[in-house]
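Now for the letters of each chain:
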Amino acid sequence: MAHSFLFLTLVREANDLDDLLSRRQEANVRNTILNIREDDYVRLFRLTKKLVDDVDEDLEGKLKTTKTLNSKTKILCTLSFLASGSYQRIISANIFTFVSQPTMSRSIHDVVDALSHPDIVRKYLRFPQTSQESQLLKERFYQKFKINGCIGCVDGTFIAMIRPTKDEERYYCRKGYHAINVQLIVDADLNILHVDATLGGSFHDSFIFNNSVIKEHLEEVNNSNETAYLLGDSAHCQRAYMMVPVPNVLNGSPEATYNKVHATAVLKELLVY
């Protein structure tokens, strides 16, 4: 009896030691991320090391951490998943994260919830509210694309989702899968000014914009004799606050030149997403 008890105790201690060594090994592997090149870092996580440090600082106190899973690792897990769109199990096997699938899932939920905190949203997502703020965006847009009066570009992108159990038809998009049609507005430097992720993939880009607070705001701005508009694709209608491509243009015409400049700006700004 005593021998059996001793044997079980030794086995239990050996398992505990193995678990401890495994956790330390995983922590050491995750720490190797600090030594990779900057371009590889951006390729994996879409952000520079400096920006990841800034996010980590912003989320201080908003994420639960452990001795072997700090806040930066949780952020990198989430960024890796969001950047690639790969399944969690694949991402969790990445040498740069090295966490289990359940831990990866919890990390994504924790970080996304933290990033959705009103303080974080107000800090990073801000559409210009004053003439001075709009003017800075217009000047930057002109410096890059030689387009006067433009503050940014708008477009929709489908974010795939699991088939919903309620109102399925609202989420089935024209590409043949269930999605959310997310409207993004970005400035000349790819800073996101506004996000609308409230409607499903069955809704057209123009419907989303026409029912957004941004449309109302731009109408008020232009009605006050200030020029401020967005560049959009042919899904939208030409308005004082929305510049779209001109259809059926002749080669060499002013309209063709306008379309070329328009396409250059929109492609450079929005194809990144």
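As a starting point, this report considers the structure included with it. Given the structure is predicted, the values throughout are model-derived calculations rather than measurements.

Conventions adopted
Sequence positions are assigned chain by chain, starting from 1 and proceeding in written order. Local features in this predicted model are restricted to residues whose pLDDT is 70 or higher, and side-chain atom pairs enter the listing and the counts only when it is 80 or higher, whereas totals over whole chains, interfaces and linings include all residues. Think of the side-chain values as coming from all heavy atoms in the structure, minus any hydrogens and water. Working convention: axes come from line fits to C-alpha atoms, limited for helices to the stretch in contact. Angles between N-to-C directions cover 0 to 180 degrees. Counting from the N terminus, the helices are the DSSP runs of H or I reaching at least four residues and the strands are the DSSP runs of E reaching at least two. For this classification, under 35 degrees means roughly parallel, over 145 means roughly antiparallel, 65 to 115 means roughly perpendicular, and everything else is oblique. Only heavy atoms enter the contact rule, under which two residues are in contact if any of them lie within 4.5 Å. Only Asp, Glu, Lys and Arg are considered charged in this grouping, and only Ala, Val, Leu, Ile, Met, Phe, Trp, Tyr, Cys and Pro are considered nonpolar; every other residue, Gly among them, is considered polar. Strands qualify as paired when DSSP identifies two bridges or more between them. Note on exposure labels: buried denotes an accessible area under 20% of the residue type's maximum, exposed denotes more than 50%, and partly exposed covers the range between, all computed with a 1.4 Å probe on protein chains only. Here, the term nonpolar core denotes a set of buried Ala, Val, Leu, Ile, Met, Phe, Trp, Tyr and Cys residues that are joined through side-chain atoms within 4.5 Å. Here a polar contact means two N or O atoms within 3.5 Å. Within protein one must be a hydrogen donor candidate and the other an acceptor candidate, and residues neighboring in sequence count only if both atoms are side-chain atoms. The working definition used for a salt bridge is a side-chain nitrogen of Lys or Arg within 4 Å of a carboxyl oxygen of Asp or Glu.

### Examining the packing of helix α2 (residues 38-45) against helix α4 (residues 71-84)
Then step 1. Close contact between α2 and α4 brings their axes to 7 Å; oriented N to C, the two are set at 70°. Classified by the angle between their axes, α2 and α4 sit roughly perpendicular to one another. Together, Tyr41, Leu44 and Phe45 of α2 and Leu76, Leu79, Ser80 and Ala83 of α4 make up the contact between the two elements.
Then step 2. Residues of the contact of α2 with α4, tallied by class, amount to 6 nonpolar, 1 polar and no charged.

### Re the sheet that holds strand β5 (residues 242-243)
Think of a sheet as strands paired side by side through backbone hydrogen bonds, with each pair either parallel or antiparallel.
Then step 1. If you walk across this open sheet you meet the 5 strands as β3-β2-β1-β4-β5, and the pairing is mixed. Each end of this open sheet is capped by a strand with a single partner; those strands are β3 (192-196) and β5.
Then step 2. Pairing analysis gives 3 bridges linking strand β1 (residues 150-160) to strand β4 (residues 229-231), with the strands arranged parallel. Within β4, the residue paired with glycine 152 across the bridge is leucine 230.
Then step 3. Contacts from helix α8 (residues 131-145) reach β1, β3 and β4 within the one sheet, and its direction differs from that of β1 by about 85°.

### A closer look at the environment of glycine 149
Then step 1. In this fold, glycine 149 is placed in the loop between α8 and β1.
Then step 2. The class for glycine 149 is buried, based on a relative accessible area of 13%.
Then step 3. Once you skip the residues sitting within four places of it in the chain, glycine 149 turns out to touch Lys138, Thr227, Ala228 and Tyr229.

### A closer look at the nonpolar core
Then step 1. Phe209, Leu218 and Leu230 are the most contacted members of the largest nonpolar core, which has 15 residues in total.
Then step 2. With 3 residues, the top contributor of residues to this core is helix α10 (residues 213-223).
Then step 3. Once residues lying within four places of it in the same chain are set aside, the contact partners of leucine 230 are Ile151, Gly152, Cys153, Val154, Ile185, Phe209, Ile214, Leu218, Tyr241, Met242 and Met243.
Then step 4. Counting residues in each nonpolar core, the second largest holds 14 residues, with Tyr41, Leu63, Leu76 and Leu79 among its members.

### Side note on unusual backbone geometry
Then step 1. If you check the backbone angles, leucine 190 has positive phi at about 70° while not being a glycine.
Then step 2. Along the polypeptide, leucine 190 turns up in the loop between β2 (179-186) and β3.
Then step 3. The backbone of asparagine 248 shows a phi angle near 55°, a positive value even though the residue is not glycine.

### Concerning the packing of α4 against helix α6 (residues 101-115)
For any two helices packed against each other, the geometry comes down to the angle between their axes and how far apart the axes lie.
Then step 1. It is the contact of α4 with α6, at a shortest axis distance of 8 Å, that shows an interaxial angle of 95°. Here α4 lies roughly perpendicular to α6, going by the angle between them. Seen from α4, the contacting residues are Lys74, Ile75, Cys77, Thr78 and Phe81; seen from α6, they are Met104, Ser107, Ile108, Asp110, Val111 and Val112.
Then step 2. Counted by class, the contact of α4 with α6 contains 7 nonpolar, 2 polar and 2 charged residues.

### Looking at the side chain of lysine 74
Then step 1. With respect to the helices and strands, lysine 74 occurs in helix α4.
Then step 2. Overall, the relative accessible area of 4% leaves lysine 74 in the buried class.
Then step 3. A polar contact is formed between the side chain of lysine 74 and the backbone oxygen of lysine 64, at a distance of 2.9 Å.

### Observations regarding the environment of isoleucine 108
Then step 1. Mapped onto the secondary structure, isoleucine 108 falls in helix α6.
Then step 2. Exposure remark for isoleucine 108: the relative accessible area of 9% places this residue in the buried category.
Then step 3. Spatially, the C-alpha atoms of isoleucine 108 and leucine 82 are 8.9 Å apart, while their sequence positions differ by 26 residues.

### Re the pattern of salt bridges
Two side chains carrying opposite charge are able to pair once their charged atoms lie near each other.
Then step 1. A full pass over the atoms with the stated rule returns 13 salt bridges.
Then step 2. Of the charged contacts, one joins lysine 50 and aspartate 54 as a salt bridge, the two residues approaching to 3.0 Å between their closest N and O atoms. One end of the pair, lysine 50, and the other, aspartate 54, are both in helix α3 (residues 49-58), 4 residues apart, so they sit about a helical turn from each other.
Then step 3. On the accessibility criterion, lysine 50 (53% relative accessible area) is exposed.
Then step 4. A salt bridge links glutamate 219 to lysine 215; its shortest N-O distance comes to 3.9 Å. Remark: lysine 215 and glutamate 219 occur in helix α10; sequence separation between them is 4 residues, near one turn of the helix.
Then step 5. The class of lysine 215 is buried, set by a relative accessible area of 17%.
Then step 6. Salt bridges linked by common partners bring Arg37, Asp39, Asp40 and Arg43 together as one network.

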